[in-house]
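Residues per chain are reported as follows:
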Amino acid sequence: MGLLERMAEIRTESTGRAWNLGEHTSYSTATRAHNDGRFSPESYGDYLATSNDIYAVANLRARRMARLQPLFFDGYGTDRTAFTEGPVVDLLRKVNPFWTFQRLARMDELCMCIWGETYWVIEKDPRGNPVEIWWAKPSQMRPLVHPNNYVIGYEYTPATVGDPVRFGADEVIWFRYPNPIDEFSALSPLAAARLAADTSRDMAKSNQAMFAQGMQMAGTITPPSDGNKAVTFSSDQARELELDLANRFTGSRNAHRWAVLRFDAKFNPMGVTQKDADFIAGLNLSFRQVCRVYGINPALLGDNEHATLANVSEFELSLWVDSLQPDADFKGAEVTEQLLPMFRNGPSVMEWDYSKIPALQ
């Protein structure tokens, strides 16, 4: 029975499980699903849809990481043997009937950028060989922490109505950034970048509100004043003038319209101008702070203030050498440690093929 069918047959039991999990058939009261809401809460996912800066940096990293292809070897050093075919090679070419490996790799990196972690659920055949890989949303998966046996399984909470699904420790591969504050929680980069991202988003909203609600007129036409005699508006005149100006001159579509007023009026601007607020400088500062967290030079995302054709190539090289390659190798080590031992007579090491990355040549 496939993974989708197994999840569809979830039944309500005291254990909260839908099937036997091998040797871990029961859980003591000491077992708990670890809550990592402090470091990678569900709400972090909203940033991809609401923050221009986070979307830009996360997708840049995801697109580049998805270029990497896995290489498999048996042994180390000059005597190692390359694996170019076999079950593990086939699995990483097409991870399940609906996803390619490139889609999985891109989804993984987006999750690492947002939640600092990602999960693979491994579907096995009756003999225990991995045959499919399914991505699981990190904010819905929790490790089952045991006081003596570390992590003995995982609990997945479906997005739709249903009981939690429990997986054995050998059914899930957990990729996560190290967190010295809480070893059972990933340390999301967004935890450090969100203040700058929020600042940039709030500034953009304020800027948009200025255009949407601001009054912009090229000039006014008023009747001549009565010498030095002060003109006083009645309550009805003031209300009528206020409503007329609001209806005719608020918003970008009414910008720079001429006004014909029935009452003498003097306009005294009191709002802060864009120049005074220095929106552009503030947005650039926040954007660069976000880029710094993700190891990206802003020039690679269109900030050309200090960019030239020569140093952009250096920035791309720095991105790979200082950020993407170490993170990819970190992930490759987890595949070597957790996935490859599931294959009998298979490769013992997975590495990435960097030969097709132009910046590294």
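To keep things clear, this report deals only with the structure shown in the data block. (Residues numbered from 1 in each chain as written. Predicted model: local features only at pLDDT ≥ 70, side-chain atom pairs only at ≥ 80, totals over all residues. Heavy atoms only, no water.)

This brings us to the packing of aromatic side chains. The full count for this structure, using the stated rule, is nine aromatic pairs. Considering the side-chain rings of Phe 98 and Trp 134, the 6.2 Å spacing of their centres and the 50° angle between planes classify their relative orientation as tilted. Separated by 36 residues along the polypeptide, Phe 98 in the loop between α4 (87-93) and α5 (101-114) and Trp 134 in strand β5 (residues 130-136) bring together distant segments of the chain. Owing to a relative accessible area of 61%, Phe 98 belongs among the exposed residues under this scheme. Here Trp 134 falls in the buried class, since its relative accessible area comes to 15%. Among the aromatic residues, those joined into a ring-pair cluster are Tyr 119, Tyr 154 and Trp 174. Taking the ring centre of Tyr 47 as reference, the NZ or CZ of Arg 201 above it sits at 4.9 Å. Across the ring face of Phe 175, the terminal group of Lys 331 is positioned such that the distance to the ring centre comes to 5.5 Å. (Phe/Tyr/Trp six-rings, centres within 6.5 Å; stacked < 30°, edge-to-face > 60°. Helix = DSSP H or I, 4+ residues; strand = E, 2+ residues; numbered from the N terminus. Buried < 20%, exposed > 50% of the residue type's maximum accessible area, 1.4 Å probe, protein only. Lys NZ or Arg CZ within 6 Å of the ring centre and 35° of its normal.)

We now examine helix α10 (residues 309-339). Its 31 residues place the ends of α10 42 Å apart at the C-alpha level, agreeing with the 45 Å of an ideal helix rising 1.5 Å per residue. Taking the largest bend as the criterion, α10 deviates by roughly 40°, centred on Leu 324, and proline Pro 326 comes between one and four positions later. (Expected span 1.5 Å × (residues − 1). Bend = angle between axes of the 7 residues up to and from the residue.)

The two faces of a sheet get side chains in turn, since along a regular strand they alternate between them. Counting buried positions along strand β12 (residues 349-353) yields four of five residues, so the element is predominantly enclosed. With five bridges joining them, strand β2 (residues 69-74) and β12 adopt antiparallel strand pairing. Looking at β12, one finds that Leu 71 is bridged to Glu 351. (Pairing = 2+ DSSP bridges.)

Here we come to the sheet that holds β5. Strands pair in a sheet through their backbones, by hydrogen bonds, and they do so in one of two ways: parallel or antiparallel. One open sheet accounts for three strands, arranged β5-β4-β9; its pairing is antiparallel. Pairing within the sheet leaves two strands with one partner each, and these edge strands are β5 and β9 (172-176). Neighbour-to-neighbour, the strand axes of the sheet open up by a mean angle of 25°, direction not taken into account. When strand β4 (residues 117-124) meets β5, the two strands line up antiparallel, connected through six bridges. If you follow Tyr 119 over to β5, its bridge partner there is Ala 136. Packed onto the sheet, α5 meets β4, β5 and β9 and runs at close to 145° relative to β4. Set on the sheet, α10 makes contact with β4, β5 and β9; between it and β9 the angle comes to about 155°. (Axes fitted to C-alpha atoms, helices over the stretch in contact; angles between N-to-C directions. Contact = heavy atoms within 4.5 Å.)

The next subject is the sheet that holds strand β3 (residues 81-83). Strand order in the open sheet formed by three strands is β3-β2-β12, with antiparallel pairing between adjacent strands. At either margin of the open sheet sits one strand with a lone partner, and together these are β3 and β12. Here the strands of the sheet are splayed against their neighbours by 40° on average, with no regard to which way each runs.

What follows covers the packing of helix α3 (residues 52-65) against α5. For the pair α3 and α5, the least separation of the axes is 8 Å and the interaxial angle reads 140°. The angle between the axes of α3 and α5 places the two elements in the oblique class. For the pair α3 and α5, the crossing hand works out as right-handed. Contacts from Ile 54, Ala 58, Asn 59, Arg 61, Ala 62, Arg 63 and Met 65 in α3 reach Arg 106, Glu 109, Leu 110, Cys 113 and Ile 114 in α5. Along the lines of polarity and charge, the residues of the contact of α3 with α5 split into seven nonpolar, one polar and four charged. (Parallel < 35°, antiparallel > 145°, perpendicular 65-115°, else oblique. Left-handed = near helix turned anticlockwise from the far one by under 90°. Nonpolar A, V, L, I, M, F, W, Y, C, P; charged D, E, K, R; others polar.)

Across its 14 residues, α5 extends 20 Å between first and last C-alpha, which sits within 8% of the 20 Å expected from 1.5 Å per residue. Where burial is concerned, most of α5 is hidden: ten out of the 14 residues are buried. Along α5, the residues that are buried comprise Phe 101, Leu 104, Ala 105, Asp 108, Glu 109, Leu 110, Cys 111, Met 112, Cys 113 and Ile 114. Gly 116, located one to two residues past α5, shows a positive phi value of around 75°.

Attention shifts here to the pattern of salt bridges. Applying the stated criterion across every chain yields a total of twelve salt bridges. Residue Glu 316 pairs with Arg 64 through a salt bridge whose shortest N-O separation is 2.9 Å. Remark: Arg 64 occurs in helix α3 and Glu 316 occurs in helix α10; sequence separation between them is 252 residues. Taken as a pair, Glu 316 and Arg 64 share a single burial class, namely buried. Residues Asp 236 and Arg 239 are paired through a salt bridge, measuring 3.2 Å at the closest nitrogen-oxygen approach. Here Arg 239 and Asp 236 lie together in helix α7 (residues 235-249), a separation of three residues that amounts to about one turn. When salt bridges that share partners are traced, they join Arg 61, Glu 109 and Asp 327 into one network. (Salt bridge = Lys/Arg side-chain N within 4 Å of Asp/Glu carboxyl O.)

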